[in-house]
Amino acid sequence: MLYVCLSAQGTENALKQLGNSKYAELRIDLVKPTCNDLEKMLSNKDVSYIATCRPGAFDEPTSIAMLETAIKSGADYVDVEIERGQEIAARIKLACKNTTCKMIISYHNFEETPDFDELQAIVEKCVNYGADCVKIACKVNFPQDNAKLLSLYNLDENIVAFGMGEKGKISRLASLYCGAPFTYVSANFGNATAPGQISEKEISNLMKYF
């Protein structure tokens, strides 16, 4: 599955990015919807949503409240950064209880790809935090960094792992053939939400050859 990252400010613009796609990561921190707009977007059961709210756009209480609203409104996944800590993860996990929403615990490293042992320890920490799915995204500086990230699929956990940056592009495609339940794509050329992110059109065309 290809989750299109919605980043345009305002729900109307975000829905234009979505187009006819049926899977979307809603970057609440970039779209900045009101709670009412958030509820309306996520009530569309024809679209599977990952709700994400990266730190910085809102204060911590508002950010968490937006994620909780997303859970109640029908998001299929909600993404919590590992840096937020176990207490916040437990709160979000509790909010997911009695819903169909699953919690992603994510780790991002925009500088480098740590050693495999460290990556494995991060995955284990995410699982201990209650993750239903673990997301690992790291900057790829050397070709072997891709191998380290893709090796995480040998673990038994539900993992989405790939590299960021130009040298990590190949891992975004390869992850789908290594066990990732989904990957992230931009809506079109020029509006990627992470370094090396490939557009939905590009990756769909590449998948035709595999």
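Attention here is on the structure that accompanies the text. Just so you know, these numbers come straight off a predicted model, no measurement behind them.

1. Notes on the overall build of the chain
Move 1: In terms of helices and strands, the chain carries nine helices and eight strands.
Move 2: Relative to the 2.2 N^0.38 estimate, which gives 17 Å for 210 residues, the radius of gyration of the chain is 16 Å and therefore close to what a compact globule would have.
Move 3: Overall, the chain is about 45 × 40 × 30 Å in size when its C-alpha atoms are taken along their principal axes.
Move 4: Per-residue burial for the chain yields a buried fraction of 52% across its 210 residues.
Move 5: Considering only intrachain contacts with a sequence separation of at least 6, the fraction spanning at least 24 residues in the chain is 66%.
Move 6: Accessible surface for the chain amounts to roughly 9900 Å². Of this, 50% is attributable to carbon and sulfur atoms.
Move 7: In the chain, 22 side chains carry a positive charge and 27 a negative one; their mean positions are 6 Å apart.

2. Regarding the packing of helix α4 (residues 60-73) against helix α5 (residues 86-96)
Move 1: Where α4 contacts α5, the axes come no closer than 9 Å and their chain directions differ by 25°. As far as their axial angle goes, α5 and α4 are roughly parallel. Note that α4 runs across α5; the crossing there is right-handed. Contacts from Glu 60, Ile 64, Leu 67, Glu 68 and Ile 71 of α4 reach α5 at Ile 88, Arg 91, Ile 92, Ala 95 and Cys 96.
Move 2: When grouped by side-chain class, the residues that make up the contact of α4 with α5 number seven nonpolar, no polar and three charged.

3. Structural notes on the pattern of salt bridges
Move 1: Going through the model one piece at a time under the given rule, you end up with nine salt bridges.
Move 2: A salt bridge links Arg 27 to Asp 29, with the shortest nitrogen-to-oxygen separation between them at 2.8 Å.
Move 3: Looking at Arg 27, the relative accessible area reads 11%, which means it is buried.
Move 4: By relative accessible area, which is 6% here, Asp 29 ends up buried.
Move 5: Where Arg 84 meets Glu 81, a salt bridge forms, and the shortest distance between an N and an O atom there is 2.6 Å. For the pair Arg 84 and Glu 81, one class covers both residues: buried.

4. Description of a negative patch on the surface
Move 1: A cluster of acidic residues, Glu 111, Glu 112, Asp 115, Asp 117 and Glu 118, forms a negative patch on the protein surface.
Move 2: As for its placement among the helices and strands, Glu 111 is situated in the loop between β5 (102-109) and α6 (116-128).
Move 3: Given a relative accessible area of 62%, Glu 111 falls into the exposed group.

Rules used in this analysis
- Starting afresh in each chain, residues are numbered from 1 along the sequence in its written order.
- Per-residue local features of the predicted model are confined to residues with pLDDT of at least 70, and side-chain atom pairs are confined, for both listing and counting, to 80 or more; whole-chain, interface and lining totals are unaffected and use all residues.
- Computation of side-chain values: all heavy atoms of the structure, hydrogens and water removed.
- The helix and strand labels rest on DSSP assignments: H or I over at least four residues marks a helix, E over at least two residues marks a strand, and numbering proceeds from the N terminus.
- This radius of gyration counts C-alpha atoms alone. The globule rule is 2.2 Å times how many residues there are, raised to the power 0.38.
- For every residue, the accessible area (1.4 Å probe, protein chains only) is compared with the maximum for its type, and the residue is labelled buried under 20%, exposed over 50%, or partly exposed between those bounds.
- Throughout, a residue-residue contact means that at least one pair of heavy atoms, one from each residue, lies within 4.5 Å.
- Accessible areas in this description were obtained via Shrake-Rupley with a 1.4 Å probe; residue shielding takes into account the shown protein chains only.
- The charge count treats Lys and Arg as positive and Asp and Glu as negative. His and the chain ends do not count.
- Where a charge sits is defined by one atom per residue type, namely NZ (Lys), CZ (Arg), CG (Asp) or CD (Glu).
- Lines fitted to the C-alpha atoms define the axes, with helices restricted to the stretch that makes contact. Angles between their N-to-C directions range from 0 to 180 degrees.
- With respect to orientation, any angle under 35 degrees is reported as roughly parallel, any angle over 145 as roughly antiparallel, any angle of 65 to 115 as roughly perpendicular, and every other angle as oblique.
- By the definition used in this description, the sense in which the near helix is turned from the far one sets the handedness, with an anticlockwise turn below a right angle giving left-handed and a clockwise turn giving right-handed.
- Nonpolar residues are Ala, Val, Leu, Ile, Met, Phe, Trp, Tyr, Cys and Pro. Charged residues are Asp, Glu, Lys and Arg, and all others, Gly as well, are polar.
- Salt bridges are defined as contacts in which a side-chain nitrogen from Lys or Arg sits within 4 Å of a carboxyl oxygen from Asp or Glu.
- Distance thresholds for patches are 9 Å for like charges and 5 Å for nonpolar side chains (Val, Leu, Ile, Met, Phe, Trp, Tyr), applied to residues having over 30% relative accessible area and no salt bridge.

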